[in-house]
Structure formats: C-alpha cells, structure tokens
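So the chains spell out like this:
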Protein chains: 4
Amino acid sequence: MGTLILNVDLAADVPIYQQIRDQIVEAIAHGALKDGSSLPPTRTLAADFGINFHTANKAYDLLRQEGLIRLSRGTGAVVTAPAANPLPADWTGRVRTLLAEAVARGASAPEVLEACRTVLDSFNPKQQEGTP
Amino acid sequence: MGTLILNVDLAADVPIYQQIRDQIVEAIAHGALKDGSSLPPTRTLAADFGINFHTANKAYDLLRQEGLIRLSRGTGAVVTAPAANPLPADWTGRVRTLLAEAVARGASAPEVLEACRTVLDSFNPKQQEGTP
Amino acid sequence: MGTLILNVDLAADVPIYQQIRDQIVEAIAHGALKDGSSLPPTRTLAADFGINFHTANKAYDLLRQEGLIRLSRGTGAVVTAPAANPLPADWTGRVRTLLAEAVARGASAPEVLEACRTVLDSFNPKQQEGTP
Amino acid sequence: MGTLILNVDLAADVPIYQQIRDQIVEAIAHGALKDGSSLPPTRTLAADFGINFHTANKAYDLLRQEGLIRLSRGTGAVVTAPAANPLPADWTGRVRTLLAEAVARGASAPEVLEACRTVLDSFNPKQQEGTP
DNA sequence: GTGGTCTAGACCACA
DNA sequence: GTGGTCTAGACCACC
C-alpha cells in the first residue's frame with residue numbers, strides 16, 4: 001500500500017513517456033502520491049520497466065514543466081503541492097473534444113456526465129467511511 | 001445555417017488533420033452535422049485552408065475508421081448515424097487521464113464535473129425553451 | 001545579410017544547447033530574426049557545428065517552451081511574434097543578481113546603468129538613419 | 001541591523017550553493033556586508049539551513065574565486081574591498097543575454113532600462129535625505 | 001524532408 | 001547516488 005504502481009505498454013501508440021506521465025498524474029489525483037512524496041529515481045524506474053532512462057527522464061521533465069513535481073540533482077523527484085496550479089488554457093478545449101467524441105457516437109449527455117462522475121469518484125481517497 | 005465552419009490553426013501544436021477531425025466530431029455532437037449530411041470534398045477543404053490534400057484526406061480517413069463518416073467515390077463523404085457507434089475501448093481511460101490532470105492541479109471534483117456539464121450543455125442543439 | 005550567425009563554444013561551461021538558445025534569443029531581440037523567420041533544421045544546424053542533433057533539438061525545444069518559436073513536423077522551426085509574451089516571473093530576480101555582481105565588485109550604479117543602455121542600444125535595428 | 005539574512009529555497013531549481021552565493025553578493029551590493037565584515041562559519045550556516053556542509057563550503061569557495069571574500073583558517077570568511085575587483089570578462093555577455101530575453105518577448109528598451117534602474121536604486125544604502 | 005521518439009552508453013554536477 | 005548533458009544511431013509521424 002502506498003507503493004507506486006505503473007503499467008507501461010510498449011506496444012501502445014501513445015508514447016511511453018506520456019504513459020508514465022499520465023499514470024503519475026492519476027496517482028496524484030488519486031491521492032496515492034501526496035505533496036512531498038518521492039518518486040523512484042529515473043534510472044530505477046527505467047530499469048523496472050525495461051526502458052531507457054532517457055524515456056523516464058522525459059516523463060519526469062514533462063511533470064516538472066507542468067509544475068506537478070520538483071527535480072533536484074541530489075534529492076530526486078518529489079511531488080509538489082496540488083493547490084496553486086491553475087488549469088492550463090487548453091484544458092476545456094480538450095475536454096470538449098473528448099466529450100464530443102462520445103456524443104457524436106450516440107451517447108446521451110446524462111450518460112456521458114455519469115461516466116465523468118464515476119471517474120471523479122474513483123479519485124476520491126475517502127473509502128466508504130460508513131462501513132462499521 | 002447548417003454550413004460547416006472549420007477553423008484550422010496552422011500554428012497550433014496539435015496536428016492539422018487532428019484539428020479537422022476534432023472539429024467535425026464536435027459538429028456532429030453539436031447537431032450541425034446530422035446523419036446523411038455531406039462533407040466538403042477533401043480537395044475543396046484542402047484548398048480552402050491552404051493545406052496539403054493528403055492532410056485533409058487523413059482527417060477523413062480517421063473519421064471513416066472511427067465509423068463516423070462513410071466515404072464513396074461518387075457521393076463523397078457522408079456522416080453516418082451516430083446511434084450505432086459504441087464508445088471506443090480506451091475512451092474512459094482518456095477521460096480518466098484528462099480529469100485526473102485537473103484534480104492533480106487542485107481542482108475539486110464538483111468543479112470539474114460542472115465544467116463537463118457546461119461542455120455537454122453546449123452540445124445541446126435544442127434550445128427548446130417553449131416546448132410544453 | 002539576414003543569415004543567422006551562431007557561435008558555439010564546445011569548451012565553455014555553459015551548456016551547448018543553452019548557447020544556441022541564448023544566441024537565437026539575441027538574434028530575435030536584435031531583429032535579425034523576425035516574426036515568421038525560419039530557423040535552420042535541427043539536423044542541419046547540428047551538422048554545421050559538429051554537435052549532435054539532439055543537442056540542437058533541446059535548444060529549439062527550450063525556445064518553444066518559452067513561446068519564442070513554433071515547431072511543426074513538416075514545416076520546421078519558425079519564429080513567433082514577439083509581442084504577446086509576458087516576462088517570466090523570475091526575470092527581475094535574475095537581473096537583480098547580475099547587476100548586484102557588478103555593484104559588489106565596485107562598479108557604480110550609473111556605470112552599470114550605462115552598460116545596460118549600451119547593450120539595449122545594440123539591439124536597436126535602426127542603423128543610423130541619418131547617413132545620406 | 002547589519003545581520004546577514006539569507007533565504008534558502010530548497011525547492012527552487014537554482015542550486016543551493018548558488019542561492020547562497022547570490023544573496024551574499026546582493027548583500028555586498030546593498031551595503032549590508034562591507035569590506036571587513038565577517039561571514040558566518042560554513043558549519044553554522046549549513047546547520048541553520050539544514051543543508052550539507054559541503055554545499056555551504058562551495059558557496060564560499062565560489063565567492064573566494066570571484067575575489068569577493070577572503071578565507072583563512074583562523075579568522076573565517078571576511079568580505080574584501082569591493083573597489084579592487086574588475087568585472088569578469090563575460091559579465092557584459094550575460095547582461096546581453098538577459099536583456100535580450102526581455103526584448104525578444106516584446107519589452108521595449110526604455111521599459112527594460114527602467115527595470116534595471118529600479119534594481120540599481122534598490123541597492124543604494126544611503127537614503128541620506130537629511131545630510132546637509 | 002521536417003521534427004519526434006526511443007535506445008545505448010559515457011561523463012559531469014549536485015547533495 | 002541523484003538528476004543533467006552530450007553523443008550516436010535507428011525508426012516513426014507529419015506535411
């Protein structure tokens with residue numbers, strides 16, 4: 001528990017560094033990675049997945065550019081507080097494109113909204129507080 | 001009314017063929033393009049935007065692969081019924097990644113959900129304020 | 001005239017990609033590179049200076065992140081309009097550190113200011129308009 | 001009054017030893033540290049900020065190489081006279097790069113010069129409004 | 001033909 | 001021991 005679980009698919013059409021970036025973002029959203037959490041060293045991560053360390057490096061650099069992690073030579077990669085970061089300008093546009101795809105295929109608005117709600121709920125770190 | 005308005009930004013970092021595909025998808029979701037609507041010939045479209053014919057072609061081919069349009073030599077590109085197309089397998093995953101990005105940056109779940117709702121509402125073609 | 005002149009020192013302690021970035025920034029400030037100007041292809045530039053194309057690539061990527069150039073796969077690197085880009089937040093801090101170094105070494109404030117003025121004048125693209 | 005105030009940000013992307021060096025340089029420019037002023041022992045400084053002793057050491061060594069302080073075993077680190085130090089050869093070049101960055105982003109020359117003037121004024125320790 | 005991605009391995013800077 | 005830089009060469013995506 002608390003260990004970072006990544007799943008890299010080398011055959012996928014989405015770049016490996018993007019997959020790593022995406023999953024770390026999800027881990028932060030999920031609460032599995034909190035402010036101050038350390039990420040595995042790039043070379044360790046690369047070795048674990050049988051990829052080149054430059055690829056892992058690029059994923060970390062992307063996250064650094066987005067302000068989600070902080071990189072220092074001696075201390076490694078550390079998650080930074082998720083609070084002060086505003087949404088990027090094109091975020092709504094990307095959401096629009098993605099949701100349009102569902103609607104264009106015949107999904108109803110409530111249906112799509114429900115899917116979004118389910119995804120968001122899955123990020124909620126509070127696991128059923130009412131189970132006595 | 002009903003004319004397709006595309007807006008291609010050659011300076012954007014998203015590929016041109018993707019921009020065309022995205023906007024056609026949004027037009028379908030919006031109702032501006034309905035089942036049976038004709039799309040402009042690729043050569044016309046390419047000429048209009050000063051882009052390569054192959055680029056326009058690629059956008060249409062993408063849409064054909066997604067099952068959203070039908071291409072035939074004589075009749076050109078025609079939008080197909082949106083009801084028959086199931087969501088692609090990775091759609092939820094892409095939504096998950098996109099919403100995670102917002103949450104990781106500190107947005108609250110209701111806030112994100114509201115953004116989705118606004119986007120979905122903007123697709124609704126029926127502004128049926130007076131249908132009792 | 002109008003050709004981009006770069007000067008790369010492989011023995012310097014400042015990274016090569018930074019040298020390239022700096023000189024392109026100066027060329028833009030100078031007016032030698034204007035909005036819409038094309039930059040040499042990364043591989044060509046790399047070959048010209050006997051460096052690896054990845055190093056040239058990194059310089060271009062830096063400039064892209066700063067919003068000073070635009071990269072597209074087919075069309076190469078193009079300078080973007082210098083107008084809408086706000087100064088980065090830490091710019092004043094960097095100026096402060098640099099000017100403090102001069103003052104700490106005994107330079108007077110007017111002396112330092114004059115040096116700045118000289119540098120800024122050298123960027124001025126208007127070359128002595130009074131030579132008939 | 002006269003006590004040296006340092007502000008080390010371990011999260012910043014600029015190296016810690018550089019931050020220390022920069023702030024001491026600014027303190028000298030400011031007049032907070034004068035010729036003959038003693039600097040805190042590196043071990044004290046390291047302990048105060050919870051940083052490695054070698055890191056503090058490196059900052060002092062940098063300043064010694066620049067001729068701004070003098071190190072001796074018994075007396076510790078002492079600021080040396082600011083009048084005797086010429087500007088380093090690359091100083092103008094660094095100013096040029098930094099000011100070019102502002103101009104390339106659309107700032108006007110007077111605007112940039114004014115920023116420099118403001119910074120230089122902030123170094124002026126004599127607010128001698130009443131010395132006739 | 002352009003930039004982008006990935007791999008492989010060396011050496012350096014920082015803590 | 002961490003991340004950063006540079007090199008070298010392969011293959012892919014876009015126009």
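Residues numbered from 1 in each chain as written. Chains lettered and ligands numbered in written order. Predicted model: local features only at pLDDT ≥ 70, side-chain atom pairs only at ≥ 80, totals over all residues. Heavy atoms only, no water.

Looking at an unreviewed UniProt entry, one finds chain A named DNA-binding transcriptional regulator YhcF (GntR family) and attributed to Pseudarthrobacter niigatensis.

A. Inspection of helix α2 (residues 42-49) of chain D at higher detail. All names here are of chain D. Thr42, Leu45 and Ala46 are the residues of α2 that are buried. Along α2, the residues classed as buried sweep out an arc of 100 degrees about the axis, all on the same side. Exposed and oriented more than 90 degrees from the buried face of α2 are Arg43, Ala47 and Asp48. Trailing α2 by a residue or two, Gly50 shows a phi angle of about 65 degrees, which is positive. (Buried < 20%, exposed > 50% of the residue type's maximum accessible area, 1.4 Å probe, protein only. Helix = DSSP H or I, 4+ residues; strand = E, 2+ residues; numbered from the N terminus. Arc of directions from axis to C-beta.)

B. Representation of the protein's contact with DNA strand E within the structure. The local shell around DNA strand E holds 29 residues, among which A:Tyr17, A:His54, A:Lys58, C:Arg43 and C:Arg73 are the closest. Here DNA strand E approaches the protein such that, of its atoms within 4 Å, sugar and phosphate make up 64%. Within the contact set of DNA strand E, a phosphate oxygen lies 2.5 Å away from a side-chain nitrogen or oxygen of A:Lys58. Within the residue set of the surface near DNA strand E, elements represented by two or more residues are α1 (16-30) and α3 (53-65) of chain A, α2 (42-49), α3 (53-65), β2 (69-72) and β3 (76-79) of chain C together with α1 (16-30) and α3 (53-65) of chain D. Of the residues forming the surface near DNA strand E, the biggest block, four residues, is contributed by α3(A). Classifying every residue of the surface near DNA strand E gives 12 nonpolar, 11 polar and six charged. (Near = heavy atom within 4 Å. Polar contact = N/O pair within 3.5 Å; in protein donor to acceptor, adjacent residues only side chain to side chain. Nonpolar A, V, L, I, M, F, W, Y, C, P; charged D, E, K, R; others polar.)

C. Focus on the interface of chain A and chain B. In this complex, chain A contributes 40 residues to the contact, which on the side of chain B involves 41 residues. When chain A packs against chain B, close to 4000 Å² is buried across both sides, 69% of that on carbon and sulfur atoms. Where chain A meets chain B, there are six salt bridges. Run the count over chain A and chain B and you get 14 residue pairs in polar contact (both at pLDDT 80 or more). When residues of the side of chain A that touches chain B are traced back to their parent elements, those giving at least two are α1, α4 (91-104) and α5 (109-123) of chain A. (Contact = heavy atoms within 4.5 Å. Buried area = accessible area lost by both parts, 1.4 Å probe. Salt bridge = Lys/Arg side-chain N within 4 Å of Asp/Glu carboxyl O.)

D. Quick peek at the relation of the copies chain A and chain B. In screw terms, the move from chain A to chain B is a rotation of 179 degrees and a rise of 0.0 Å along the axis, fitting with an RMSD of 0.3 Å. Here the symmetry operator amounts to a two-fold rotation axis. Interface overlap between copies is the fraction of interface residues in one copy that are interface residues in the other; for chain A against chain B it reaches 100%, indicating a shared surface. (Least-squares fit on C-alpha atoms with pLDDT ≥ 70 in both.)

E. Main features of the protein's contact with DNA strand F. In the neighbourhood of DNA strand F, 29 residues make up the surrounding shell, with A:Arg43, A:Arg73, C:Tyr17, C:His54 and C:Lys58 lying closest. Looking at DNA strand F alone, sugar and phosphate atoms form 64% of those within 4 Å of the protein. The contact in question runs from a base oxygen of DNA strand F to an N or O atom on the side chain of A:Arg43, over 2.5 Å. Contacts to DNA strand F include A:His54, whose side-chain N or O atom sits 2.6 Å from a base nitrogen. Grouping the amino acids of the surface near DNA strand F by side-chain chemistry returns 12 nonpolar, 11 polar and six charged.

F. Broad picture of the sheet that holds β2(C). Residues and elements named next belong to chain C. Taken together, the three strands give an open sheet; going across it, the order is β1-β3-β2, and neighbouring strands pair in antiparallel fashion. Both edges of this open sheet fall to β1 (38-39) and β2, since each of them pairs with a single strand only. Pairing analysis gives two bridges linking β1 to β3, with the strands arranged antiparallel. Each bridged residue has a counterpart across the sheet, and for Leu39 the counterpart in β3 is Ala77. Packing against the sheet, α3 makes contact with β1, β2 and β3, and its axis sits at approximately 120 degrees to β2. (Pairing = 2+ DSSP bridges. Axes fitted to C-alpha atoms, helices over the stretch in contact; angles between N-to-C directions.)

G. Broad picture of the packing of aromatic side chains. The full count for this structure, using the stated rule, is zero aromatic pairs over all chains. For the cation-ring pair, D:Arg43 lies above D:Phe53, with the distance from its terminal atom to the ring centre recorded as 4.4 Å. (Phe/Tyr/Trp six-rings, centres within 6.5 Å; stacked < 30°, edge-to-face > 60°. Lys NZ or Arg CZ within 6 Å of the ring centre and 35° of its normal.)

H. Geometry of helix α5 (residues 109-123) of chain C. With 15 residues, α5(C) extends 22 Å from end C-alpha to end C-alpha; this agrees with the ideal 21 Å at 1.5 Å per step. For α5(C), the full list of buried residues reads C:Val112, C:Leu113, C:Cys116, C:Val119, C:Leu120 and C:Phe123. In a view along the axis of α5(C), the buried residues occupy a sector of 120 degrees, so they form one face of it. Check the buried side of α5(C) and you find it contacts α1 (16-30) and α4 (91-104) of chain C together with α4 (91-104) and α5 (109-123) of chain D. (Expected span 1.5 Å × (residues − 1).)

I. Representation of the pairing of strand β2 (residues 76-79) of chain D in the model. Residue and element names in this part refer to chain D. For strand β1 (residues 69-72) and β2, the ladder comprises four bridges, and the chain directions are antiparallel. By the bridge assignment, Ile69 is partnered in β2 with Val79. Counting the residues that bridge the hairpin from β1 to β2 gives three residues.

J. Focus on the environment of A:Ile5. Residue and element names in this part refer to chain A. By secondary structure assignment, the location of Ile5 is in the segment before α1. Assessed through its relative accessible area of 69%, Ile5 is described here as exposed. Spatially, the C-alpha atom of Ile5 lies 8.6 Å from that of Ala27, the residues being 22 residues apart in sequence.

K. A look at the environment of C:Arg94. Along the polypeptide, C:Arg94 turns up in helix α4. On the basis of relative accessible area, C:Arg94 is assigned to the partly exposed category, the value being 32%. Taking the C-alpha atoms as reference, C:Arg94 lies 29 Å from C:Gly36; in sequence the two are 58 residues apart. Excluding residues that lie within four positions of it along the chain, C:Arg94 makes contacts with C:Pro88, D:Leu98 and D:Glu101.

L. Quick peek at the confidence of the model for chain A. Per-residue confidence for chain A averages 87 on the pLDDT scale, and 89% of its residues sit at or above 70. Here residues 128-132 of chain A scores under 50 on pLDDT; set against residues more than four positions off or in separate chains, the count is zero contacts. (pLDDT = per-residue confidence, 0-100.)

M. Highlighting the domain arrangement of chain A. On domain assignment, one finds that chain A holds domain 1 (16-81) and domain 2 (91-129). Taken over C-alpha atoms, the centre of domain 1 of chain A sits 26 Å from the centre of domain 2 of chain A. (Domains from an automatic or database assignment.)

N. Region of the structure containing the packing of α4(C) against α5(D). At a minimum axis distance of 10 Å, the contact between α4(C) and α5(D) shows a crossing angle of 55 degrees. On the basis of the axis angle, α4(C) is oblique to α5(D). For the crossing formed where α4(C) meets α5(D), the hand is right-handed. Residues C:Trp91, C:Thr92, C:Val95, C:Arg96, C:Leu99, C:Ala100 and C:Val103 of α4(C) form the contact with α5(D), whose own contacting residues are D:Val112, D:Ala115, D:Cys116, D:Val119, D:Leu120, D:Ser122 and D:Phe123. (Parallel < 35°, antiparallel > 145°, perpendicular 65-115°, else oblique. Left-handed = near helix turned anticlockwise from the far one by under 90°.)

O. Seen up close, the pattern of salt bridges. A full pass over the atoms with the stated rule returns 36 salt bridges over all chains. Linking A:Asp22 and A:Arg21 is a salt bridge whose minimum nitrogen-to-oxygen distance equals 2.7 Å. For B:Asp61, the salt bridge identified is with B:Arg64, shortest N-O distance 2.9 Å. Taken together, the positions of B:Asp61 and B:Arg64, both in helix α3 (residues 53-65) and three residues apart, correspond to about one turn of that helix. Residue B:Asp61 is classed as partly exposed on the basis of its relative accessible area, which comes to 27%. The class of B:Arg64 is partly exposed, set by a relative accessible area of 38%. Each of A:Arg21, A:Asp22, A:Glu66, A:Asp90, A:Arg94 and B:Glu101 takes part in a single network of salt bridges with overlapping partners.

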